[in-house]
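Residue-level structure breakdown
Residue strings, one per chain:
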Amino acid sequence: MPDPITEIPAHPDAASDIRAQAQAMRPKPKRDRQIWGIYILLVVVSLIELYSASSREVVAGNIMGPLIRHAVLLGIGFIIMLILQRTHYKRFYDWAYVIVGLCILATIYTMFFGQVINGARRSFSFFGLFNVQPSELLKFAAALLIARVLCNYRVKYKRGHEEEDKRYNRTLVIFVATVVLIFGVMLVGQGLTNTILMMFIALSMMLIGGVRWREFFAVVGVYLLLGLGYGAYKAISESSQEQKKDNITLVAGQEHDRTGLRKQRLVDFMRSDKYKDTITSQNRQEQYSYIAQANGGIFGVFPGNSRETARLPLAFSDYIYAIIIEDIGLIGGLIVMALYLWLLARAGRIAMKCKKAFPALLVIGMAVFIAYQAIIHMGIVTGFLPVSGQPLPLISKGGSSVLVTSVALGIMLSVSRFAARKGARQELRDSLSTLSDNEMPDNPTQL
């Protein structure tokens, strides 16, 4: 089986000479201006809107404190991007299993020793500097692992002078589906949305990786059956939980079952008149979010003039998109959405220029990880999806989210720099077209 990472083996004849000439004409790698442009625009929006949305965190004499902390994290993320941009994407292929293993260990540690936030163990302190949320790490790890494994799913090869044939490795699909399922189970306690998001990332990468339709739908069917089974189990066990509810006193900082909360959120989501509900301690997040968006209108009230930032809980993280719409209106909200979609489209363009399967899957996986999370955040805030907690990548406050997103963007820049160079490859293709079939090198693995 050919290596999906290494270059095409050199031929002793004319093909090797042409390869050497094409390599000599290869232009110097350049940074991807579009990805950097998207990053800069998101950072600008982040700094402005986080300052506007942090009034609940401001203390006397330290008005700039929340903004400075976030700016420091963005600065660290910027350095990470610069380093990863100059790191060849092959390093991520070599170290993929180590990175995934560390993310799994961090998640397991949080499951038993993590800090309890809103009734679930979600994070742990990293030497007292900032809190780490393994849910962000595990979603990133899933995208990296899928790219590493699925690049060997389809292999093109030749036998002598026979026609080109294909091999499909179904075992790799089963492996990926099983690992993602295990990751999802590990994240259920930290939020069902994280599990669903991870499965969407996996399914999207399977489609992009060329997984056959029957295998793809088999994975979808298994996920649906397991999801329905989990829902039925929770419905059956809920009755016994309700009987014990009166005898349980919930204490702040202690872990407790969130089944009833999730069910109530789904019920509220299905109601068409939820926007008219009286504001209570249970629904104040979504209600103040809707009020903020209505107050913003088409063009917004201008950054710094938000009326709801002082009342909206988690305005600086899980509901920052509501403050964005209030500050810069529907137009601004659509522009922010377009930036994430632009990033996804750019990744698709880069993937089309990649000659190898791994960098193409890697750049798409990172973009899907960022874009899907952004879309889910926006859907939750606007009421299009059930209430849950998801940060807006690179904009919401949060050390884990900012740093993991920066790593993903740095990997995209690495792929764009080292795997998506068009000029020399086109010259090589034009030259090879003049050779006979016997002189041409074997076809590499491609998407």
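The paragraphs below set out a description of the structure included in this document.

Attention now goes to the overall build of the protein. Along the backbone of the protein there are 15 helices and five strands. Here the protein holds 447 residues, and 47% of them are scored as buried. Residue pairs in contact within the protein that sit at least 24 positions apart in sequence constitute 73% of those at least 6 positions apart. A total of about 22,400 Å² of accessible surface is found on the protein, and carbon and sulfur atoms cover 62% of it.

Turning our eyes to something else, we now look at helix α13 (residues 357–381). Between its first and last C-alpha, α13 extends 36 Å over 25 residues, near the 36 Å set by a 1.5 Å rise per residue. With 23 of its 25 residues buried, α13 lies for the most part within the structure. In the stretch just after α13, G383 is the one whose phi turns positive, near 90°.

Before going further, it helps to spend a moment on a nonpolar patch on the surface. A surface patch of nonpolar side chains, about 600 Å² in accessible area, is lined by I298, F299, L330, I331, L334 and I335. Relative to the helices and strands, I331 resides in helix α12 (residues 320–353). Under the relative-accessibility criterion, I331 is labelled partly exposed at 39%.

Orientation of helix α5 (residues 96–113) relative to helix α7 (residues 170–187), taken along the N-to-C sense of each, is 30°, at an axis distance of 10 Å. As judged from the angle between their axes, α5 and α7 are roughly parallel. In the crossing of α5 with α7, the sense of the turn from one axis to the other is left-handed. Side by side, α5 and α7 meet where V100, I104, T107, I108 and M111 of the first sit next to F183, M186 and L187 of the second. Broken down by class, the residue content of the contact of α5 with α7 amounts to seven nonpolar, one polar and no charged.

Attention now moves to the environment of Y290. Its location among the elements puts Y290 in helix α11 (residues 284–296). On the accessibility criterion, Y290 (12% relative accessible area) is buried. Here the alpha-carbon distance between Y290 and Y275, two residues 15 residues apart in the chain, equals 7.3 Å.

For the rest of this paragraph, the subject is the environment of Y93. Looking at where Y93 falls in the secondary structure, it is placed in helix α4 (residues 90–94). Sequence spacing of Y93 and F358 is 265 residues, and the spatial spacing of their C-alpha atoms is 7.8 Å.

Reading the values: the criteria
- Residues numbered from 1 in each chain as written.
- Predicted model: local features only at pLDDT ≥ 70, side-chain atom pairs only at ≥ 80, totals over all residues.
- Heavy atoms only, no water.
- Helix = DSSP H or I, 4+ residues; strand = E, 2+ residues; numbered from the N terminus.
- Buried < 20%, exposed > 50% of the residue type's maximum accessible area, 1.4 Å probe, protein only.
- Contact = heavy atoms within 4.5 Å.
- Areas by Shrake-Rupley, 256 points an atom, 1.4 Å probe, with all protein chains shown as cover.
- Expected span 1.5 Å × (residues − 1).
- Patch = residues over 30% accessible without salt bridge, like charges linked within 9 Å, V, L, I, M, F, W, Y side chains within 5 Å.
- Salt bridge = Lys/Arg side-chain N within 4 Å of Asp/Glu carboxyl O.
- Axes fitted to C-alpha atoms, helices over the stretch in contact; angles between N-to-C directions.
- Parallel < 35°, antiparallel > 145°, perpendicular 65-115°, else oblique.
- Left-handed = near helix turned anticlockwise from the far one by under 90°.
- Nonpolar A, V, L, I, M, F, W, Y, C, P; charged D, E, K, R; others polar.

Read these as geometric descriptors, not functional statements.
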